[in-house]
Amino acid sequence: MATPIIDASEIVKDYGRVRALHGVSLEVSTGEFVALVGPSGCGKTTLLKILAGFEEATDGRLEIQGEDMHGVPAAQRPTRMVFQKLALFPHKTVAQNIGFPLKLQKVDAAEIDRRVRAMLELMHLNIAYLDRYPAQLSGGEQQRVALARALVSQPGVLLLDEPMSALDAKLKKSLQAELKKLHREIGTSFVLVTHDLEEAMMLADKICVMRSGHVIQIGTPTDIYYRPANKFVAGFIGETNFLPVDVARTSDGDVEVRSSLVSGNPAVIAQANVSEFLGDENTALLIRPESIGFVNGDPGPETWTLNGVVDEYFIKGSSTQYRIRVAGLEAPVVLDLPGSSELVAKVDEDVRIGFEPVRCFLLSE
């Protein structure tokens, strides 16, 4: 296997008596896009700052491009960082902002100009912007300038600390698409900290889910969404439903499940759809909203059904979300159906919903 561009092993970070990171390990391959996600205070920004060199780990080992980073200052690391507040110099022009890292490296003025213009083209910014100041640019244009400044010195790793959190929804979508395209074109490794779970799913090759200073699961977006390690990961990445079930393990690794809350026969969940961390208590079927729907007539032997009452609905355009109150479940069951000009059910209407348990994922707390 090729040596990872980032190899963080058992990273510990203490702030006095408070431990922010508990032995976190993470590998990032060359050209890979990794997203760090988790609730506020989980340690993802602390980890990013340690990678950047703005914080020193209390314990553990960090190598970037095969070199030990212990004691190496941020300016001497093969990394660059784009901050949440962008940190552009307001008194410098776009050209001066983008070229600033090269000026610090004492690069020839003609080479700085060439590379600045190349970055402007890469970021789809008008050449006339070279003499403008950040205050004369829109939020999206400032974002591109910050990215250009970070990439102009051709770092091995680009670190992004929620750089799009302050943008409006439409502009954010546009820049997300451009960022993904940019990553594919330049081949630089990206590490992104984000609270936006949809953003992580859209952009990243690999997602690292963190909680209370621990790494809970690392995997592809598909792994994280369809095969989460536990209920925390499942509930954190996208909306979901949990149906408590009783389990009986079989000799071949499959698991038989049953629930008193549903109508239907016991179902056998294939080993491929069973969490490797499954316990014997607090077991539940993970049912994504798009995997459950309304039932009319005989659903067939493969389907489990529940009776409930429509609590609320939300029209999203391309889809309509329904929330169904079911006796015995604390939270409403969430359904996502394709968008339609007509409602399938109305608030307070009695309904029957169903899903195929063999297509669900079995996990525990």
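Structural data are supplied above this passage.
Being a predicted model, the structure only gives us computed values, none of them experimental.

Draft legend 1. Looking closely at the overall build of the protein. On a plain count of helices and strands, the protein comes out with eight helices and 21 strands. Projected onto its principal axes, the C-alpha positions of the protein cover 75 × 50 × 40 Å. Counting every position in the protein, which comprises 365 residues, the buried fraction comes to 48%. Distance between charge centres in the protein, computed from 37 positive and 48 negative side chains, equals 8 Å.

Draft legend 2. Broad picture of the packing of aromatic side chains. A complete count under the given rule lists eight aromatic pairs for this structure. Consider the rings of Phe-89 and Phe-100, whose centres lie 4.8 Å apart with planes at 65 degrees: the pair is edge-to-face. With Phe-89 in the loop between strand E6 (79-82) and helix H2 (94-104) and Phe-100 in helix H2, the pair connects residues that are eleven residues apart, well separated along the chain. On the numbers, 6.1 Å between centres and 75 degrees between planes, the contact of Trp-304 with Phe-355 is edge-to-face. Separated by 51 residues along the polypeptide, Trp-304 in strand E17 (residues 304-315) and Phe-355 in strand E20 (residues 350-355) bring together distant segments of the chain. The exposure class of Trp-304 is buried, given its relative accessible area of 2%. By way of ring pairs, the aromatic residues Phe-294, Tyr-313 and Tyr-322 are connected into one cluster. A cation over a ring is seen here: Lys-92 above Phe-89, with NZ or CZ 5.8 Å from the ring centre. For Arg-149, the ring lying beneath its charged end belongs to Phe-89, and the centroid distance is 5.5 Å.

Draft legend 3. Highlighting the pairing of strand E3 (residues 33-37). Among the five residues that make up E3, five are buried, leaving the element largely enclosed by the rest of the structure. Here E3 shows no split at all, with Phe-33, Ala-35 and Val-37 on one side and Val-34 and Leu-36 on the other all buried. Of the pairings in the sheet, the one linking E3 to strand E8 (residues 189-193) comprises four bridges and is parallel in character. Residue pairing for E8: Ala-35 is matched across the bridge by Leu-192. Bridge analysis of E3 against strand E9 (residues 206-211) gives four bridges, and the strand direction is parallel. Its bridge partner lying in E9, Val-37 is registered against Val-209.

Draft legend 4. Fine view of the packing of H2 against helix H4 (residues 139-151). Between H2 and H4, the least distance of the axes is 6 Å, while the angle of their chain directions is 30 degrees. It follows that H2 is roughly parallel to H4 by the angle criterion. Classified by chirality, the crossing of H4 by H2 is right-handed. Of the residues in H4, those in contact with Val-94, Asn-97, Ile-98 and Pro-101 of H2 are Val-145, Ala-148 and Arg-149. In the contact of H2 with H4, the residues fall into five nonpolar, one polar and one charged.

Draft legend 5. View of the sheet that holds E17. Strand order across the open sheet formed by five strands is E16-E20-E17-E18-E19, with antiparallel pairing between neighbours. The sheet terminates laterally at strand E16 (293-294) and strand E19 (333-338), the two strands that pair on one side only. Here strand E18 (residues 319-325) pairs with E19 via six bridges, running antiparallel. Of the residues in E19, the one forming a bridge with Gln-321 is Asp-336.

Draft legend 6. Representation of the sheet that holds strand E11 (residues 241-244) within the structure. If you trace the three strands from one edge of the open sheet to the other, you get E11-E15-E21, paired in antiparallel fashion. Each edge of the sheet is formed by a strand with only one pairing partner; in this case those strands are E11 and strand E21 (361-363). Sheet twist, expressed as the mean angle between neighbouring strand axes with direction ignored, is 35 degrees. Relative to E21, strand E15 (residues 284-287) runs antiparallel, the two being bridged by three bridges. By the bridge assignment, Ala-284 is partnered in E21 with Leu-363.

Draft legend 7. Summary view of the pattern of salt bridges. Under the counting rule described, the total for this entry stands at 16 salt bridges. Taking the shortest distance from any N to any O, the salt bridge between Glu-178 and Arg-144 comes out at 2.9 Å. Note that Glu-178 is positioned in helix H5 (residues 169-186) and Arg-144 in helix H4, a separation of 34 residues in sequence. Here Arg-144 falls in the buried class, since its relative accessible area comes to 14%. A salt bridge links Arg-323 to Glu-239, with the shortest nitrogen-to-oxygen separation between them at 2.7 Å. Linking Arg-323 in strand E18 with Glu-239 in the loop between helix H8 (231-236) and E11, this pair joins segments that are 84 residues apart in sequence. The exposure class assigned to Arg-323 is partly exposed, which follows from its relative accessible area of 22%. Taken together, the shared-partner salt bridges connect Asp-7, Arg-61 and Glu-63 into one network.

Draft legend 8. Seen up close, helix H1 (residues 44-52). Most of H1 is tucked away, with seven of its nine residues classed as buried. Along H1, the residues that are buried comprise Lys-44, Thr-46, Leu-47, Leu-48, Ile-50, Leu-51 and Ala-52. Count one or two residues on from H1 and you reach Gly-53, which has phi positive near 95 degrees.

Calculation rules
Residues numbered from 1 in each chain as written. Predicted model: local features only at pLDDT ≥ 70, side-chain atom pairs only at ≥ 80, totals over all residues. Heavy atoms only, no water. Helix = DSSP H or I, 4+ residues; strand = E, 2+ residues; numbered from the N terminus. Buried < 20%, exposed > 50% of the residue type's maximum accessible area, 1.4 Å probe, protein only. Lys, Arg positive; Asp, Glu negative; His and termini not counted. Charge placed at Lys NZ, Arg CZ, Asp CG, Glu CD. Phe/Tyr/Trp six-rings, centres within 6.5 Å; stacked < 30°, edge-to-face > 60°. Lys NZ or Arg CZ within 6 Å of the ring centre and 35° of its normal. Pairing = 2+ DSSP bridges. Axes fitted to C-alpha atoms, helices over the stretch in contact; angles between N-to-C directions. Parallel < 35°, antiparallel > 145°, perpendicular 65-115°, else oblique. Left-handed = near helix turned anticlockwise from the far one by under 90°. Contact = heavy atoms within 4.5 Å. Nonpolar A, V, L, I, M, F, W, Y, C, P; charged D, E, K, R; others polar. Salt bridge = Lys/Arg side-chain N within 4 Å of Asp/Glu carboxyl O.

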